[in-house]
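# Overview (structure and organization)
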Number of protein chains: 4
Amino acid sequence: MSMNTIPVGLVGVTGYTGMELTRLLAGHGRFTLTRVTSRSECGKKLSDIYPFLQGLPCGDTVITEPDPADLASACELVFLAVPHKTAMEMAAALLDKGLKVVDLSADFRLRDRETYEHWYKCGHTQPHLLETAVYGLPELYETAIRAARLIANPGCYPTSAILGLYPALRNSMVDTKGIVIDAKSGATGAGRKATVGTLFCEVSDTFRAYGLPTHRHTPEIEQEIGLIAGEEMTVSFNTHLLPINRGILSTIYTTLIKDMTLDDVHALYAEAYRSHPWVRVLPAGTLPETRHVRGTMFCDIGLVVDKRTNRLVILSAIDNLCRGASGQALANANLMCGVDIAEGLRLAPLMP
Amino acid sequence: MSMNTIPVGLVGVTGYTGMELTRLLAGHGRFTLTRVTSRSECGKKLSDIYPFLQGLPCGDTVITEPDPADLASACELVFLAVPHKTAMEMAAALLDKGLKVVDLSADFRLRDRETYEHWYKCGHTQPHLLETAVYGLPELYETAIRAARLIANPGCYPTSAILGLYPALRNSMVDTKGIVIDAKSGATGAGRKATVGTLFCEVSDTFRAYGLPTHRHTPEIEQEIGLIAGEEMTVSFNTHLLPINRGILSTIYTTLIKDMTLDDVHALYAEAYRSHPWVRVLPAGTLPETRHVRGTMFCDIGLVVDKRTNRLVILSAIDNLCRGASGQALANANLMCGVDIAEGLRLAPLMP
Amino acid sequence: MSMNTIPVGLVGVTGYTGMELTRLLAGHGRFTLTRVTSRSECGKKLSDIYPFLQGLPCGDTVITEPDPADLASACELVFLAVPHKTAMEMAAALLDKGLKVVDLSADFRLRDRETYEHWYKCGHTQPHLLETAVYGLPELYETAIRAARLIANPGCYPTSAILGLYPALRNSMVDTKGIVIDAKSGATGAGRKATVGTLFCEVSDTFRAYGLPTHRHTPEIEQEIGLIAGEEMTVSFNTHLLPINRGILSTIYTTLIKDMTLDDVHALYAEAYRSHPWVRVLPAGTLPETRHVRGTMFCDIGLVVDKRTNRLVILSAIDNLCRGASGQALANANLMCGVDIAEGLRLAPLMP
Amino acid sequence: MSMNTIPVGLVGVTGYTGMELTRLLAGHGRFTLTRVTSRSECGKKLSDIYPFLQGLPCGDTVITEPDPADLASACELVFLAVPHKTAMEMAAALLDKGLKVVDLSADFRLRDRETYEHWYKCGHTQPHLLETAVYGLPELYETAIRAARLIANPGCYPTSAILGLYPALRNSMVDTKGIVIDAKSGATGAGRKATVGTLFCEVSDTFRAYGLPTHRHTPEIEQEIGLIAGEEMTVSFNTHLLPINRGILSTIYTTLIKDMTLDDVHALYAEAYRSHPWVRVLPAGTLPETRHVRGTMFCDIGLVVDKRTNRLVILSAIDNLCRGASGQALANANLMCGVDIAEGLRLAPLMP
C-alpha cells in the first residue's frame, strides 16, 4: 500500500467480537493493528490463542496488558471489545488521551442515563460522555459518525430490528402500537465465557427462548425506532437461541395503517436504502436466510403483506458478529478516519 | 404378553412419520404390526430399508403393496402415513371394509369442504367422511376419539398452537384479535422427499422463514381455536425452519384483556391440564426447550406476562414427529381400541 | 409392578452420565431411585435441574449430599457417576457398608495398579479392590458380573473397540501387531463441565483430533484385547471430536493373516455374537451409523475386507452415553441384582 | 482496477463447486466472469438462483446455455464445474477453440487411461489430452501449471492426503507399505444433487463411513504419492461423512523407518513448505481443525510421533470446497494467466 496506514488498537481479544475484529483487520488495507490487549493472555502471540491467524498479517502480534498510556502511544483509534462497565472506564481514559474510540459494549448506546442504569442494573460513571457518543448505525447517522470521537456501536439485535423497521416507521406505514419482534440468534451472541448453558451439548439439536420479557436490547430498540417515528415507542421484543454459530433473523410483526400492496411497501423500502448497498431489500417473494449474509455486512430484508390479518411482516437477517458487532465497528472506524466505509468489508457470504 | 394382541397396519413407511411409527410400535405391548406397505420398497424387509430396526420385533416384517383387501384381511386398524389426496381414497376403501383408520394426512382435518379445497388446491372426493372424522387431539376430544372409526390426526404446528392457546381462550384471558403465532420447526417437518432445499448443506448452519403468509396449517388452527373461543378467529401464523431434526417451538403473542398476574395465568393453565399429564405447564420462570420433549408425547408450555406491553406470551414445545404426528396417532389408536392411552408412549426424552 | 422393587442410589447427577441414568431409570420396572446426590445441587428436586424429568417417576426426587451411611440406609446398589479419584474413595466406603457398587469412572478398570498410576497420574488408594472389581462388559464377563459386588464400568471408546475386535482376535484372523483404531466421539464424551473448548461455537461446524497419542483409554483397550488374544498388545488409538451429542464410531484397521473372504469373516462375527442380541453384526455391505444406535444398548458392527491391501476394516458404532456408560452400568446392575439384563433397556433408536 | 481484466467463463453453476467459484470470483480483481452456464437455469440472473450474490459484481450476470463457440467468443479461460464424462467432451471442444481450461472433474487426473476406465467405469473419449493435462496442485507442479492449457484440478481428498504425505515420502521418513488414510469430509463433498441420503435429517446428528474400500480418489492419491516416493504405492483410503458443510480432516497413519523425534519431523515438514505459505505446518503440539481453514486456501498440518507404536500420525485439514476444489482451480487459473497466485484468495478463515 502506498498510502499511510493508520495504527489501531483492540482492547479485549478473547471474546467473539474481538476474534472477529482480528479476522476483519487481517484483510484491511489501511489499518494496522499495533496493539491487542488481554489480561488473561498477555505475552502470547495472537496465533498462539487463535491458530487460524497463523501466517496472516496480525498472527505474530504479541498480546499486551490494557494500558491507556501505552495504547495512546501506539494507536490513533481503539476498539473496545470488553464487557460493559469495564468499557466505560477505558473509553473515558482513552478519550482523555486524545484517541478515537469505538465501543462495542452497551455503555454508551442509551442516551438516557436512568434508562441505562435501570436496564443494566449498575451506575453509569461517565454520564457526560452519553451526550457526545454517536450511535454507530451508518445508514442512519453517517454524518455524525464521521465527526465522532466516541462511537456507541449498536447491539446485534437492535441493528436487525432498526434496519427492518426504519422505512416502515419513517413512512408511517404501520401502527406504532403493538409491534412484536420475534428474534432468533446464533450462539456467538451468547459470548465466549465458559458456562454450562452454552456448551455444545446444551445448544445443539435444540431450540429455546431466553431472556423473556426483559432482554436488555429492548430500550435500545425503543430509543432508536422512537426517534424515527417521532414518538415514544414500546415494543414486545423476544429472543431465542439458534443452534448455529452466526446469524440473527428477526421476524417483525406490524399492522398496516394504510391500504398498501406488497409492491407499494417494497418500493418505499427500496427507496429508503437506495444509497445504502449493505441493506439488500429482497425481491417480493424472496425471504432472507442467515447464511446469505454470513460473515458480511449485509442486512437482508424480506417483506410479506398478509391481507387476511392486515399485517406487514418484516424479516431482517444479519450476521450478528460482523454486521451486528465487529464489522459495523470497523465501518464506523473507517468513517471516523476518513477511509472508505467499505474498506476491509467487501466480503461475499460464505456459502454454504 | 398374556393379553391378545391387536393387529395393525401401516400404509406408507418411507416418510418420517412412517419411520417414527415403526420406532414406536417396536415398543408397544398390545399392537402387532401385521402389514407395512410401500409401493417403492415392497418385497424388502423393514430392516433392509431401516437398519436401525435390525433385531427389533418388526425388523423382519416384509413390506407389501398397499392393497385394501389384504389390509382388511390382516388388520383391525390402519395408520395412513401417505400424502394428502392419496390418503382420502385409501381411508374410504379401508372404512368400507370395516377397518378403523388413523389418517396422518390433512385430508379430514378441516370440517368444511370448501376451506379444504381452497387451502389444499384440490377437490375432496370423500366429503361425506368429513362429518364422521374426529379431530384426534386427545386433550380436547378424548370421548369422541374412543368412539371414532376415522381419526384426522392433527398437524404438528396446530398441535403445539392449539394446546398453547386452549386455556387462554377457554378462560377468555386474551383478545381473540391480533394473535400472532411465530412457529419454528425441525427439518423432519419438511418430509423425506429428495429436494435440493432440504439437503443437509441447505439447512445446516442457517435459519429462514418459509411459507409466509399462507401456511396450510392456518385454517386448521383457526378452526380449532375458533371452536374453543366460540367465535370465528383469524390469526397470523408464520413458520420457520430450524437446523435440527425434531421439535417445534411456537411463540404465541396474545394480549391480556383481564388484569392478571403470571401466577393467575399459571393457575388456570395448570387447572386446564390437571388430568392431562402429557401437557406439562412449566413452573413460572421456566421456558420450554424442544430437546426436553424429544422423542416423547409431552407438550411443554411456558408462560410469560409482559406488563410493559400487556402481553401474555405463550411458548409451546412438542416433538413434531412423535406428539405432532406418529405418537399422537398411536395414542388415538390406543383410545379407539380400548387400550390404555399411554401404551407404547411412556417415553422419557432423549437428553441431551 | 407386583414384584418387589430394588432401591438404588446415584452418586453424582450433574454430569451427562448421571443425567442419562435418570433417563433410563425413569423407564425401569424393578429399580426405584431412592437417593440422588450432588454437592452443588443438593436440596433441589431432580426436575428443578432437569426440567425434562417433570412428570416422570423420579422428577420429584430431592437431591441430597453424598453420604455413605445415608446411602447404605436407603439403597441396595449405588451407581457412581463422579470423577475418578473421588470414585475410588466412595466405592470403598459403600462396599464397606455392604452395598453393591457400579463405578462409571476409570478407577477400577485397569487390573494393574502401576498402569493406572502411570496413565492417570495419581496414586490408587484402594488397590486391594482392583482384584475384586469385575470389568463390566456383559458380552465377555456375564458370569463374573452376576457374582460381583464392584463393577468397573467400561469406558466408552473401549466398549466400541473391544466389541469390534473380539471375534477377530479370538479367532486369530488378524495380525496382533500394527492395529490402528481411529475413533470419533460425540461431545457428551467431553463431559458437562464448563470449558471454552466445549462451547457450542467451538465444537459446532468443525472437526478435530484431540488427545493424541496418549488418550487414557489406550491401556484399557490394550488390557482387554490382550486378554482375548492371549498376548500383550500395543495399539495406535486416536480420538476425534464430532459435532454431535451422542455416538462413537471406531474405524479399526487390521491386517488379515488368513486367506478369508468377507463372508468368512462375517460368519465368525455372527457366531461370536449369536447369543448377544445387543451386538448387531450388519449384513455384508451395510455400514453402521451412530444414529442407528442412538439412545440404545446396540453395538453395530460393519465389516470390510479390502483385497488390495489385505486389510480387514472393522467399523463399530455405539451410543457413548447409553451403551458406553450409563446403559451398560444399568445392564450390569441388572445382572448383579438378578434382574433380566434387558430390563429398562429395551430401547429402539431415536430416528432420525 | 487500472490493469486490464481477463474474461473467464464458468460451465456448470448449480453445484457447490460452481457456487463457490461465484463467491471467489466476486472478490477477484483481475478476472471478470463473462459467461456462466447451466442447462437447467439458463435465462435467470445469478442472484435469482443465489440470492447471496445480490448486489455483488456477478449477481446480475445472466446464465446461458453451455455453448463452446459462445464461450470462446467471450472468454480466455473456462472453469468446468460439471460431472465427469461431460467435462471431458467440453474440455476438448474448448481447447480446440483455443481456450484455457481448468477442469474440476476427475476426467484428466489419472495419467493412465486404463486406471481411469477401471475406477470410473466408463470409457475415456479424449485420451490424447491425458498427456497434456497438468495435475493442478501448485505446491508440486507450479512451473508446469504456468505453462498448461488444461488443468486437471485435484480431488478434495487427494489434496489433503498428498500435501500431508509429501514431506514424509520425499524425505523417506516412513515405510511406503501399510499407510492408512482415515479421511472425514463435510457434506458439500457429496454434491448438490437431491438425494434422500444427503437430506439434512439423514446427515445431521450422525456419523458414518461410506464408499469403503474403493473410493474413487484412491488411484489419484496412489498415483501422486507414488511419484513422490519413486515407487508404486498402495494405500488403505477410507472416507467418512461429517455433519458439517465444509472441511476435510485426513488422519494419516504411517510407520517411521528412521529414528526421528517430533522436532526432526517438524523441521523437515517446515522446510518442505517454506516457500508455500498456504500450507501451514502447525507448531508441535497443535492439531488442525477444519474451521481454522474454513473458506480459505490453507492446508493445516499437525504432526504426532507415537513412540509406543513407532508411528508418525499426520493430520491434514483443508476446506474441501475452496482449497479442495474451486479455490485451487482459481489459483491454477491465476498461474495460467500470469496473475499473482494469491489474487482473490487472500482469505482469512471465518471463525467461528
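Residues numbered from 1 in each chain as written. Chains lettered and ligands numbered in written order. Predicted model: local features only at pLDDT ≥ 70, side-chain atom pairs only at ≥ 80, totals over all residues. Heavy atoms only, no water.

Spelled out, the test is: UniProt positions are given in the numbering used here, feature names are shortened, and annotations may be inferred rather than shown by experiment.
Taking an unreviewed UniProt entry as the reference, chain A is identified by name as N-acetyl-gamma-glutamyl-phosphate reductase belonging to Desulfovibrio psychrotolerans. In its Subcellular location (unreviewed entry) section, UniProt records this for chain A: "Cytoplasm".

### Quick look at the UniProt feature "active site" (unreviewed entry) in chain A
Residue and element names in this part refer to chain A. What counts here: Runs of E in the DSSP output that reach at least two residues are strands. Runs of H or I that reach at least four are helices, and both are numbered from the N terminus. Working definition: with a 1.4 Å probe on protein chains only, accessible area under 20% of the residue-type maximum means buried, over 50% means exposed, and in between means partly exposed. Pairs of residues are marked as contacts when any of their non-hydrogen atoms sit within 4.5 Å.
The UniProt entry lists Cys156 under the feature "active site" (unreviewed entry), expressed in the numbering used here. Examined against the element boundaries, Cys156 turns out to sit in helix H8 (residues 156-170). On the basis of relative accessible area, Cys156 is assigned to the buried category, the value being 14%. For Cys156, the residues in contact, after removing those within four places along its chain, are His217, Ile248, Ile318, Asn320 and Gly324.

### Considerations on the interface of chain B and chain A
Note the following rule: By buried area we mean the combined loss of accessible area, with a 1.4 Å probe, across both parts when two parts are placed together. We define a salt bridge as a side-chain nitrogen of Lys or Arg found within 4 Å of a carboxyl oxygen belonging to Asp or Glu. Think of a polar contact as two N or O atoms within 3.5 Å of one another; within protein, one of them needs to be a possible hydrogen donor and the other a possible acceptor, and neighboring residues in sequence only count if both atoms come from side chains.
At the interface, 46 residues of chain B touch 46 residues of chain A. In total, about 3700 Å² of surface goes out of reach between chain B and chain A, with carbon and sulfur atoms giving 57% of it. Our count for the contact surface shared by chain B and chain A stands at 10 salt bridges. One salt bridge connects Asp182 of chain B with Lys184 of chain A, and the closest N-O pair in it is separated by 3.2 Å. Counting the contacts that link chain B with chain A gives 28 residue pairs in polar contact (both at pLDDT 80 or more). Of all elements in the fold, only strand S8 (180-185), helix H9 (200-203), strand S9 (208-210), helix H10 (218-229), strand S10 (236-241), strand S11 (248-255), strand S13 (299-306) and strand S14 (311-318) of chain B reach the threshold of two or more residues within the side of chain B that touches chain A. The greatest single-element share of the side of chain B that touches chain A, amounting to 4 residues, is contributed by S8 of chain B.

### Some thoughts on the sheet that holds strand S1 (residues 6-11) of chain A
Residues and elements named next belong to chain A. Selection criterion: Pairing between two strands requires that DSSP report at least two bridges joining them. Geometry is summarised by axes, namely lines fitted to C-alpha atoms with helices restricted to the contacting stretch, and by angles between N-to-C directions that run from 0 to 180 degrees.
Taken in spatial order, the 7 strands of this open sheet run S3-S2-S1-S4-S5-S7-S6, and their pairing is parallel. The open sheet is flanked by strand S3 (63-64) and strand S6 (134-135), the only strands paired with a single partner. One ladder, built from 6 bridges, connects S1 with strand S2 (residues 31-37); its direction is parallel. Looking at S2, one finds that Pro7 is bridged to Thr32. Contacting S1, S2 and strand S4 (77-80), helix H1 (residues 16-25) runs over the sheet at an angle of about 160° to S1.

### Some thoughts on the side chain of Glu20 of chain A
Structurally, Glu20 of chain A is set in helix H1. Since its relative accessible area comes to 0%, Glu20 of chain A is described here as buried. With near-sequence residues (within four places) excluded, Glu20 of chain A lies in contact with Arg246, Leu321, Cys322 and Ser326 of chain A together with Met351 of chain D.

### Let's talk about the sheet that holds strand S11 (residues 248-255) of chain A
All names here are of chain A. Strand order in the open sheet formed by 7 strands is S9-S10-S8-S11-S14-S13-S12, with mixed pairing between adjacent strands. Each edge of the open sheet carries a strand with a single partner, namely strand S9 (208-210) and strand S12 (279-281). Each strand axis lies, on average, 25° off the axis of its neighbour in the sheet, ignoring direction. One ladder, built from 3 bridges, connects S12 with strand S13 (residues 299-306); its direction is parallel. What sits directly across from Val279, in S13, is Cys299. The strands touched by H8 are strand S8 (180-185), S9, strand S10 (236-241), S11, S12, S13 and strand S14 (311-318); relative to S14, the strand with the most contacts, the crossing angle is about 140°.

### Thoughts on the nonpolar core
Under the convention used in this document: The definition of a nonpolar core used throughout is a set of buried Ala, Val, Leu, Ile, Met, Phe, Trp, Tyr and Cys residues joined through side-chain atoms within 4.5 Å.
In this structure, Phe79 of chain A, Phe79 of chain B, Phe79 of chain C together with Phe79 of chain D are the most contacted members of the largest nonpolar core, which totals 376 residues. With sequence-adjacent residues up to four places away left out, Phe79 of chain D is seen in contact with Val8, Gly9, Leu10, Val11, Leu21, Val102, Leu104, Ala329, Leu330 and Ala333 of chain D.

### Observations regarding the pairing of strand S11 (residues 248-255) of chain D
All names here are of chain D. Taking burial as the measure, the 8 residues of S11 include 7 buried ones, the bulk of the element. Judged from the 6 bridges that link them, strand S8 (residues 180-185) and S11 form a sheet pairing that is antiparallel. The residue of S11 that forms the bridge with Ile181 is Ile252.

### A closer look at the UniProt feature "domain: Semialdehyde dehydrogenase NAD-binding" (unreviewed entry) in chain A
Sites flagged by UniProt as "domain: Semialdehyde dehydrogenase NAD-binding" (unreviewed entry) map to residues 7-148 of chain A. Along residues 7-148 of chain A the backbone is 38% helical and 17% strand, and the end-to-end C-alpha distance reaches 18 Å.

### Topic: the relation of the copies chain A and chain C
For clarity, the cut-off: Copy-to-copy alignment: least squares on C-alpha atoms, limited to residues at pLDDT 70 or above in both.
For the pair chain A and chain C, the relating rotation is 180°, the translation along its axis is 0.0 Å, and the fit reaches an RMSD of 0.0 Å. Read as a symmetry element, the transformation amounts to a two-fold axis. A high fraction, 100%, of the interface residues of chain A reappear at the interface in chain C, so the copies pair face to face through one surface.

### Details of helix H5 (residues 113-120) of chain C
All names here are of chain C. What counts, and what does not: The directions from the helix axis to the C-beta atoms are what the arc is built from.
The complete set of buried residues in H5 reads Tyr116, Trp119 and Tyr120. All buried residues of H5 project into a common sector of 85° when viewed along the axis, lining one side. H5 presents Glu114 and His118 as exposed residues on the side facing more than 90 degrees away from its buried surface. Structurally, H5 contributes buried residues whose contacts are with helix H4 (86-96) and helix H10 (218-229). Once H5 ends, the next one or two residues include Lys121, with phi positive near 55°.

### Comments concerning the packing of aromatic side chains
What counts, and what does not: Between 30 and 60 degrees the pair is tilted, below 30 it is stacked and above 60 it is edge-to-face, where a pair is any two Phe, Tyr or Trp rings, Trp via its six-membered ring, whose centres lie within 6.5 Å. Sitting over a ring, as applied to charges here, requires NZ of Lys or CZ of Arg to be within 6 Å of the ring centre and within 35 degrees of the ring normal.
For the coordinates displayed, the defined rule picks out 22 aromatic pairs over all chains. With centroids separated by 5.4 Å and ring planes inclined at 75°, the aromatic side chains of Tyr157 of chain C and Phe237 of chain C adopt a geometry described as edge-to-face. With Tyr157 of chain C in helix H8 (residues 156-170) and Phe237 of chain C in strand S10 (residues 236-241), this residue pair connects regions lying 80 residues apart in the sequence. An identical accessibility class is assigned to Tyr157 of chain C and Phe237 of chain C; each is buried. The ring of Phe298 of chain A has Arg280 of chain A lying over it, and the distance from NZ or CZ to the ring centre is 3.7 Å.

### Side note on the domain arrangement of chain A
Residues and elements named next belong to chain A. Rules: Here the limits of each domain have been adopted from an automatic or database domain assignment.
Each assigned domain of chain A is listed here: domain 1 (6-132) and domain 2 (157-322). Placing the centre of domain 1 and that of domain 2 at their C-alpha centroids yields a distance of 27 Å. On the side of domain 2, 17 residues touch domain 1, which itself brings 18 residues to the contact. Together, the buried faces of domain 1 and domain 2 total about 1500 Å²; carbon and sulfur atoms form 56% of this surface.

### A short note on the pairing of strand S13 (residues 299-306) of chain D
All names here are of chain D. The buried fraction of S13 amounts to 8 of the 8 residues, a majority that puts the element mostly inside the structure. Side chains of S13 alternate between two faces, with Cys299, Ile301, Leu303 and Val305 and Asp300, Gly302, Val304 and Asp306 buried alike. Sheet topology places S13 next to strand S14 (residues 311-318); 7 bridges connect them, and they run antiparallel. Within the sheet, the bridge partner assigned to Ile301 lies in S14 and is Ser316.

### Notes on the interface of chain A and chain C
Size of an interface: often given as the accessible area lost when the parts come together. The partner chain C presents 19 residues to the 19 residues of chain A that form the contact. Where chain A abuts chain C, roughly 1600 Å² becomes buried across the two surfaces, and 63% of that area is made up of carbon and sulfur atoms. On the chain A side of the interface with chain C, the three residues burying the most area are Leu199, Phe200 and Cys201 of chain A, jointly 41% of the side's total. Here chain A and chain C share 2 salt bridges between them.

### Structural notes on the packing of H8 of chain A against helix H12 (residues 322-336) of chain A
Residues and elements named next belong to chain A. Here is the rule we go by: Oblique is the label for any angle not covered by the other classes, which are roughly parallel (under 35 degrees), roughly antiparallel (over 145) and roughly perpendicular (65 to 115). Note on residue classes: Ala, Val, Leu, Ile, Met, Phe, Trp, Tyr, Cys and Pro are nonpolar, Asp, Glu, Lys and Arg are charged, and everything else, Gly too, is polar.
Close contact between H8 and H12 brings their axes to 8 Å; oriented N to C, the two are set at 100°. Here H12 runs roughly perpendicular to H8, going by the angle between their axes. Of the residues in H12, those touching H8 at Cys156, Thr159 and Leu163 are Arg323, Gly324 and Gln328. Classifying every residue of the contact of H8 with H12 by side-chain character gives 2 nonpolar, 3 polar and 1 charged.

### Digging into unusual backbone geometry
Note that the residue after Met351 of chain B, namely Pro352 of chain B, is joined by a cis bond; omega there is -5°. Secondary-structure assignment places Pro352 of chain B in the segment after helix H12 (322-336). In this chain, Leu212 of chain D is followed by Pro213 of chain D through a cis amide linkage whose omega measures -10°. With respect to the element layout, Pro213 of chain D can be found in the loop between strand S9 (208-210) and helix H10 (218-229).

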